[in-house]
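Results of the structural survey
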Amino acid sequence: CDDMWTGLHTNFNLDADGETLLLSNSSQTTLDQVTYPKQFINISYGRLPTGSATWSYLNNPTPATANTGTAVTTQLAPPSFSLSAGKYSAAQQVSITHTIAGVQIRYTTDGAEPTTASLLYNQPVAITQTQVLKAKAFHNEYINSNTTIATYIIETRNFTLPIVSISTKPAYLTNNTIGIYVDGTNGIPGNCVSTPVNWNQDWDRHAVFEYFKADGTPEFSQTIDIRIRGACSRSRPQRSLVLRARDKFGSKTMDYPFFSSKENNSFGGLLLRNSGNDFEYTMFRDALLQSIPQGQMDVDYMAYQPTTVFLNGQYWGVMNLREKIDGDYIESNFAIDKDDVDLLETGGSVIEGSAFAYNNFLNTLDQMDANDPGTFTFIDQHIDVQEYINYLTAEIYYANTDWPGNNTKFWRQVSTNGKFRWILWDTDFGFGLYDIPATHPTFDFATDPDNTTWPNPAWSTLLIRLVLANPEFRTRFLQTFTTAMGTTFK
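Residues numbered from 1 in each chain as written. Predicted model: local features only at pLDDT ≥ 70, side-chain atom pairs only at ≥ 80, totals over all residues. Heavy atoms only, no water.

Below, the discussion takes up helix 8 (residues 458-468). For helix 8, the full list of buried residues reads Ser460, Thr461, Leu463, Ile464, Leu466, Val467 and Leu468. Taken together, the buried residues of helix 8 touch helix 4 (356-366), helix 5 (373-382), helix 6 (385-397), strand 28 (421-423), helix 7 (442-446) and helix 9 (471-486). (Buried < 20%, exposed > 50% of the residue type's maximum accessible area, 1.4 Å probe, protein only. Helix = DSSP H or I, 4+ residues; strand = E, 2+ residues; numbered from the N terminus. Contact = heavy atoms within 4.5 Å.)

Another point: unusual backbone geometry. Residue Pro49 follows Leu48 across a cis peptide bond; omega there is 0°. As for its placement among the helices and strands, Pro49 is situated in the loop between strand 3 (44-47) and strand 4 (55-58). In this structure, the amide linkage connecting Trp403 to the following residue, Pro404, adopts the cis form with an omega of 5°. Here Pro404 shows up in the loop between helix 6 and strand 27 (409-413). Positive phi is not limited to glycine here, since Asn407 has a value of about 60°. By the element assignment, Asn407 lies in the loop between helix 6 and strand 27. Given the relative accessible area of 3%, Asn407 is considered buried. The phi dihedral of Tyr434 is positive, around 60°, even though this residue is not glycine. Mapped onto the elements, Tyr434 comes out in the loop between strand 28 and helix 7. Owing to a relative accessible area of 39%, Tyr434 belongs among the partly exposed residues under this scheme.

What follows deals with the nonpolar core. Ranked by internal contacts, the top residues of the largest apolar core, which has 38 residues, are Tyr358, Ile383, Tyr388, Trp422, Leu463 and Phe473. Broken down by secondary-structure element, the contributors of at least two residues to this core are helix 4, helix 5, helix 6, helix 8 and helix 9. Ranked by residues supplied to this core, first place goes to helix 6 with seven residues. Look past the residues within four positions of Ile383 in its chain and what remains in contact with it is Phe361, Tyr388, Lys419, Phe420, Trp422 and Phe473. Counting 30 residues, the second-largest nonpolar core is a separate cluster that includes Ile180, Phe220, Leu311 and Leu321. (Core = buried A, V, L, I, M, F, W, Y, C linked by side-chain atoms within 4.5 Å.)

Okay, the packing of aromatic side chains next. Scanning the model with the defined rule gives 40 aromatic pairs in all. Here Lys38 stacks its cationic end above the ring of Phe40, 5.7 Å away from the centre of that ring. Directly above the aromatic system of Tyr315 lies the positively charged group of Arg157, at a separation of 4.6 Å from the ring centroid. (Phe/Tyr/Trp six-rings, centres within 6.5 Å; stacked < 30°, edge-to-face > 60°. Lys NZ or Arg CZ within 6 Å of the ring centre and 35° of its normal.)

Take a look at the structure:
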């Protein structure tokens, strides 16, 4: 549909690989049905002519009006570029070809998806500065091709970090009505601003993600969805982005080993992070604090790879490529289906699954005698004790004061009645951000029973206080903390 189309929408999705759709009345009598085949991006599927029994792919969508045009069945192959994507030290000429006669090749250099209204290719394209070239083949007797995409980085300087290119229709970023990167005129308040702004909207926008080695060698390219990410850090001029693989674009995962610290190479989504509250300071604080325990303490964390970023061909500085904490993170790191996971965040809010098991554990523990030997057994049955101790040790040692009333995420496998594990996440306030001293009494802060507001209200410190009241747990915690100060954190 057109970007501005505001017609009726369903509350469910259809499988792009094909399935059966039925329309019935309130008496469950089938009024109409269709078993449709694989679908293509930006190609309609409907009756042709309108109202007939014949279904067909349609190159030209006509929302709210009669279906028109010629039935098509075969998709064109994408056009070919004479030059691979990558880094070049001088301007380049790119030829675009296709194997079928009579094909029209349309192209763009502003990041947008080519349409029948885009520039018609008739001579080599001059690339004089960093640009994203996108081309698509059109023919009345075929389904429009997929898009061929290549970012050409025209630079004389050498980069030391991998390069990311994000390209999308410029209006998706800067238009006052649909742009996700601007204040705009169609926004909502929140995230530390009282005025409505577009970048507070959780809008997905179709884009292309390309990944290059530092020398410009192309490694990975995929069509994805992007959206703005973060809380108050959304207001920074360099905004964090969620990068989300979608089945509708051909794959629900991004399959490449982006992070050397982990063996997994399949991700449902990633973050391009601006370093949050640390944006004006080091821009790698959270990544550093999550990397320190790696290989020394068992604790879940978000992998990290700093990157040089281009946005629609414009140099956009350094941003941190990170894992995204959601159900796909559990699948990627632990090979557990996200439908078999309880994944919760601060206050027991549900990301995946249910909060029932966690709430039952916490409420039961709150009624138990901390000194009863059976209490530690109960704790150990429900949480990964050593992993939670490692997590507490790190957060307290870092003096993270945007926690525990914020920035907590934890999970368990449901089918095995698994133990809850905690994930280090958003430790931007640690190690002295905003002049918080190393002498900050973070242990007292994290076990405060009386505070009522952010960042450590009593409900957020309850579990920490309950487990530390148990002698066995407290002894293990003290042993771990003391050891870590002389090893991991030395």
